[in-house]
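In case you want the letters, here they are:
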Amino acid sequence: MINSSDEYKAEIVRILGGDSTRFFEMMNGEPYRGISVNRLKISPERLLPLLPFAVEKSPFYADGYYITGDAEGIGRHPLHHAGAFYVQEPSASSAVSLLDAAPGEKILDLCAAPGGKSAQIASCLRGSGLIWSNEVVKNRAQILLSNFERMGIGNGVVSSCYPEVLCARLEGYFDKVLVDAPCSGEGMFRKDPAAVDEWSREHVISCSERQLSILGSAAKALKEGGILVYSTCTFSYEENEGVIAEFLKRHDDFEMCEVNDDLGRRTELPCAVRITPLEGGEGHFAAKLKKRCTGGYAPAYTYNEASRSAKADAAVRTVERELADIFKDVPKGVISVRNDKAFILPDELPDVSGCGVIRAGILAGELKRNRFEPAHSLFTAFAPERFRRVLELTLDDRRTGEYLRGFETDCGGAAGYTAVAVEGMVTGFGKCSSGRLKNKYPKGLRNL
Ligand code: SAM
């Protein structure tokens, strides 16, 4: 009798042909691990000598590296807390290489949690333009938000909305859209070999139907001439080439873009690459399409901060005063106060109503009986030189560990809210008084 594992093997032979023997041999090997450097915080040149583990350049992304040494406990390392890098399976970074994000662009990452590809996009945007990251599953959207804060992304929106609703609201708005679709996850099998037994053709087919529907929504959100990148972490023909072929059949306003197959293994489509362990990654498929220019619908969206009441005006003035005390160089951007929470909105922002927005821009802080309490994210989104008071720490300073564990620590300098920077990257803040720093590192992030 044929079982799911045999069926899966037949599927791999169909895709990889003569290379499938080597592929199956590699299935028992150690999975690849990697990091992508966050240029919002640090350059690779500065980061690499600081890392406590060995790395090697990956071929899939300009700022991507394999972890080649022992990286046990990497998530608790101060450089990780500081947002210097995102731990990412190396081939997963390839989709953003195809997207080729550039400063100033407006980009939608439609299936974004936990946020690896959004972090890469934000790093490529260098703080200019907009990264809109959507995750339909609410609790996963919270993880995405926490990664936004850690990586210091200020020009972003995090939402939790059904793709069809979001993309209809923002029809024609984005320069580029990434659909990193939910899939049958064959590229995860080396990490979790037992999952092979749960593989089924029915699941592959139901994934492909869902993927096609998400892509159909994504097509709407893209402006004419815009770029759509589709990716999965599975090998299956139906979920990859099959979905793209069916999408192109249904959307004659899209065409394929030829992609550089140095990134992976050639597929039967010139617009797509596949990466397997044979090419040095756990498994990814990525395809690049372009929406033709037909001179059709080109909507303009502008965010309008609704006219403010006198009370709201007073609240904004309080926030501005407090920001002037915290920053040497006060962040530009519209300040919006809602339900006593103050936000610094991104420069590029459409009307966000009805889009399930959880965060637009930077949460600056909260007004509590007209007293302003700054938020962690106000600090992590900016470089140390922007602040009036900074406690500069290095990796070997005992205070780095004390701060990340939530303890009070020594600080010289003037009294007041003080940014805490580790190796030049703002990681959080505290309140300095009489030479001691009261710790404001969020409890949920502390190294316990
Ligand atoms: N891009 C992410 C990253 O790099 O960290 C990984 C995304 S993961 C492959 C796919 C995501 O799609 C999951 O977070 C999942 O919750 C979400 N998802 C599940 N069903 C969905 C649906 N029907 N529409 C949109 N997204 C969905």
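Procedures and definitions
- Residues numbered from 1 in each chain as written.
- Predicted model: local features only at pLDDT ≥ 70, side-chain atom pairs only at ≥ 80, totals over all residues.
- Heavy atoms only, no water.
- Helix = DSSP H or I, 4+ residues; strand = E, 2+ residues; numbered from the N terminus.
- Rg over C-alpha atoms; globule rule 2.2 N^0.38 Å.
- Buried < 20%, exposed > 50% of the residue type's maximum accessible area, 1.4 Å probe, protein only.
- Contact = heavy atoms within 4.5 Å.
- Pairing = 2+ DSSP bridges.
- Axes fitted to C-alpha atoms, helices over the stretch in contact; angles between N-to-C directions.
- Parallel < 35°, antiparallel > 145°, perpendicular 65-115°, else oblique.
- Left-handed = near helix turned anticlockwise from the far one by under 90°.
- Nonpolar A, V, L, I, M, F, W, Y, C, P; charged D, E, K, R; others polar.
- Near = heavy atom within 4 Å.
- Polar contact = N/O pair within 3.5 Å; in protein donor to acceptor, adjacent residues only side chain to side chain.
- Disulfide = S-S within 2.5 Å.

S.K.: Describe in detail the overall build of the chain, supporting the description with residues and values.
M.R.: Of the regular secondary structure elements, the chain holds 13 helices and 23 strands. Against the 2.2 N^0.38 benchmark of 22 Å for 448 residues, the chain shows a C-alpha radius of gyration of 23 Å, consistent with a compact globule. Dimensions of the chain along its principal axes, counting C-alpha atoms only, are 75 × 55 × 35 Å. Looking at the chain residue by residue over its 448 residues, the buried ones come to 57%. If you take every contact in the chain between residues at least 6 apart in sequence, the share linking residues at least 24 apart comes to 70%.

S.K.: Give a detailed account of the sheet that holds strand β4 (residues 85-87), specifying residues and quantitative values.
M.R.: If you walk across this open sheet you meet the four strands as β2-β3-β1-β4, and the pairing is antiparallel. With one partner strand each, in any of the chains shown, β2 (55-57) and β4 form the two edges of the open sheet. Going across the sheet, the axis of each strand differs from the next one's by a mean of 30°, ignoring polarity. Pairing of β2 with strand β3 (residues 64-67) involves three bridges; the strand directions are antiparallel.

S.K.: I'd like a rundown of the packing of helix α9 (residues 201-221) against helix α10 (residues 238-250), residues and numbers included.
M.R.: At a minimum axis separation of 9 Å, α9 and α10 run at an interaxial angle of 40°. Between α9 and α10, the interaxial angle falls into the category oblique. Here α9 and α10 pass one another in a crossing that is right-handed. Taking contact as the criterion, the partners of Arg-201, Val-204, Ile-205, Cys-207, Ser-208, Gln-211, Leu-212, Leu-215, Gly-216 and Ala-219 in α9 are, on α10, Glu-238, Glu-239, Val-243, Ile-244, Glu-246, Phe-247 and Arg-250. Each residue belonging to the contact of α9 with α10 can be placed in one class, and the counts come to nine nonpolar, three polar and five charged.

S.K.: Provide a residue-level description of the site of the ligand, including the pertinent values.
M.R.: As a matter of local geometry, the ligand sits amid 17 residues, with Gly-115, Gly-116, Glu-135, Arg-140 and Asp-180 nearest to it. One nitrogen or oxygen atom from the side chain of Glu-135 is found 2.6 Å from an oxygen atom belonging to the ligand. Contact between the ligand and Asp-180: a nitrogen atom at 2.7 Å from a side-chain N or O atom of the residue. Only α6 (116-125) and α9 provide two or more residues apiece to the shell around the ligand.

S.K.: Can you tell me about the state of the cysteines, naming the residues and giving the values?
M.R.: Under the defined criterion, the tally for this structure stands at one disulfide. One disulfide in the model links Cys-411 with Cys-432; its S-S distance is 2.4 Å. Every disulfide takes its handedness from the sign of the S-S torsion; for Cys-411 and Cys-432 that torsion is 100°, giving right-handed. Here Cys-411 is found in the loop between β20 (409-410) and β21 (416-422), whereas its partner Cys-432 is found in strand β22 (residues 425-433), with 21 residues between them in sequence. In this pair, the class of Cys-411 matches that of Cys-432, namely buried. Cys-355 provides the cysteine sulfur closest to Cys-161, a residue in no disulfide bond, and the two sulfurs are 6.0 Å apart. Summary of cysteine pairing: Cys-257 is not part of a disulfide, and the nearest cysteine sulfur, belonging to Cys-271, is at 7.7 Å.

Worth remembering: the numbers are spatial, not functional.
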